[in-house]
Amino acid sequence: MSSAFLEIVELPDGRIVLRRSEEESPLVTLTFSNEARGFLKARYIDIAKEMFHAGLLAAGHLAEEEALTETDEDDPSGHTLH
């Protein structure tokens, strides 16, 4: 992912998107139902922020695991042969 800043924006149609600050197209889109918005009231944007944050953390962990797996597969010195 680019090193550009990410921003969370609520669009006029009610969707909440995560996008690069210099781009219009969203990377991720969240849509809360009317029932969910009614339950969450004004806190729905805080919930969206937490959801985006959790997703970015999970993606980072997956990328780290993948990098470690690729390193282990490329480095035969970590294996013992008998």
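Model, not experiment: these values are computed from the prediction. Within each chain, residue numbers correspond to sequence positions counted from 1 in written order. Where local features are concerned, this predicted model is filtered to residues with pLDDT of at least 70; where side-chain atom pairs are given and counted, the filter is 80 or more; whole-chain, interface and lining totals use all residues. Based on all heavy atoms of the structure, the side-chain values leave hydrogens and waters out of the count.

## Brief notes about the sheet that holds strand S1 (residues 6-10)
Test applied: For two strands to count as paired, DSSP must find a minimum of two bridges between them. In this text, helices come from DSSP runs of H or I with a minimum length of four residues, and strands from runs of E with a minimum of two, each type numbered from the N-terminal end. Here, axes are lines fitted to C-alpha atoms. For helices the fit covers the stretch in contact, and angles between N-to-C directions go from 0 to 180 degrees.
Reading across from one edge, S1-S2-S3 is the order of the 3 strands in this open sheet, with antiparallel pairing throughout. Each having just a single partner strand, S1 and strand S3 (28-30) make up the two edges of the open sheet. Taken over all neighbouring pairs, the strand axes of this sheet differ in orientation by 20° on average, direction set aside. Pairing analysis gives 3 bridges linking strand S2 (residues 16-20) to S3, with the strands arranged antiparallel. Its bridge partner lying in S3, Leu18 is registered against Val28.

## Some points on the nonpolar core
We apply this condition: Here, the term nonpolar core denotes a set of buried Ala, Val, Leu, Ile, Met, Phe, Trp, Tyr and Cys residues that are joined through side-chain atoms within 4.5 Å. Buried, partly exposed and exposed residues are distinguished by accessible area as a fraction of the type maximum, computed with a 1.4 Å probe on protein chains only: under 20%, between the cut-offs, and over 50%, respectively. Here a residue-residue contact requires only that any non-hydrogen atoms of the pair lie within 4.5 Å.
In terms of nonpolar packing, the biggest core is built from 8 residues, these being Ile16, Leu18, Leu30, Phe32, Leu40, Tyr44, Ala48 and Phe52. Elements represented by at least two residues in this core include exactly S2 and helix H2 (44-74). Sort the elements by how many residues they give to this core and H2 lands first, with 3 residues. What Leu18 contacts, discounting residues up to four positions off in sequence, is Leu6, Glu7, Ile8, Pro26, Leu27, Val28, Phe52 and Leu56.

## Here's the deal with the pattern of salt bridges
Put simply, the rule is: By salt bridge we mean one thing: a side-chain nitrogen of Lys or Arg within 4 Å of a carboxyl oxygen of Asp or Glu.
Scanning the model with the defined rule gives 6 salt bridges in all. One salt bridge in this structure joins Arg19 and Glu24, with 3.5 Å as the shortest N-O distance. In this structure Arg19 comes out as buried when scored by relative accessible area, which is 11%. As a salt-bridge pair, Arg20 and Glu23 come within 3.7 Å of each other at their nearest N and O atoms. Take Arg20: its relative accessible area is 17%, and that puts it in the buried class. Residues joined in a network through salt bridges with shared partners are Glu7, Arg19 and Glu24.

## Examining the packing of aromatic side chains
Cut-off, in case you're wondering: Stacked, edge-to-face and tilted labels apply to pairs of Phe, Tyr and Trp rings (six-membered ring for Trp) whose centres lie within 6.5 Å, assigned for plane angles under 30 degrees, over 60, and everything in between, in that order. Remark: a charge is flagged as sitting over a ring if the NZ atom of Lys or the CZ atom of Arg is within 6 Å of the ring centre and within 35 degrees of the ring normal.
Going through the model one piece at a time under the given rule, you end up with 1 aromatic pair. Ring geometry for Phe32 versus Tyr44: centroids 6.3 Å apart, planes at 75°, classification edge-to-face. With Phe32 in the loop between S3 and helix H1 (34-40) and Tyr44 in helix H2, the pair connects residues that are 12 residues apart, well separated along the chain. Phe32 sits in the buried class, given a relative accessible area of 16%. Positioned above the aromatic ring of Tyr44, the side-chain terminus of Arg37 is 4.1 Å from the ring centre.

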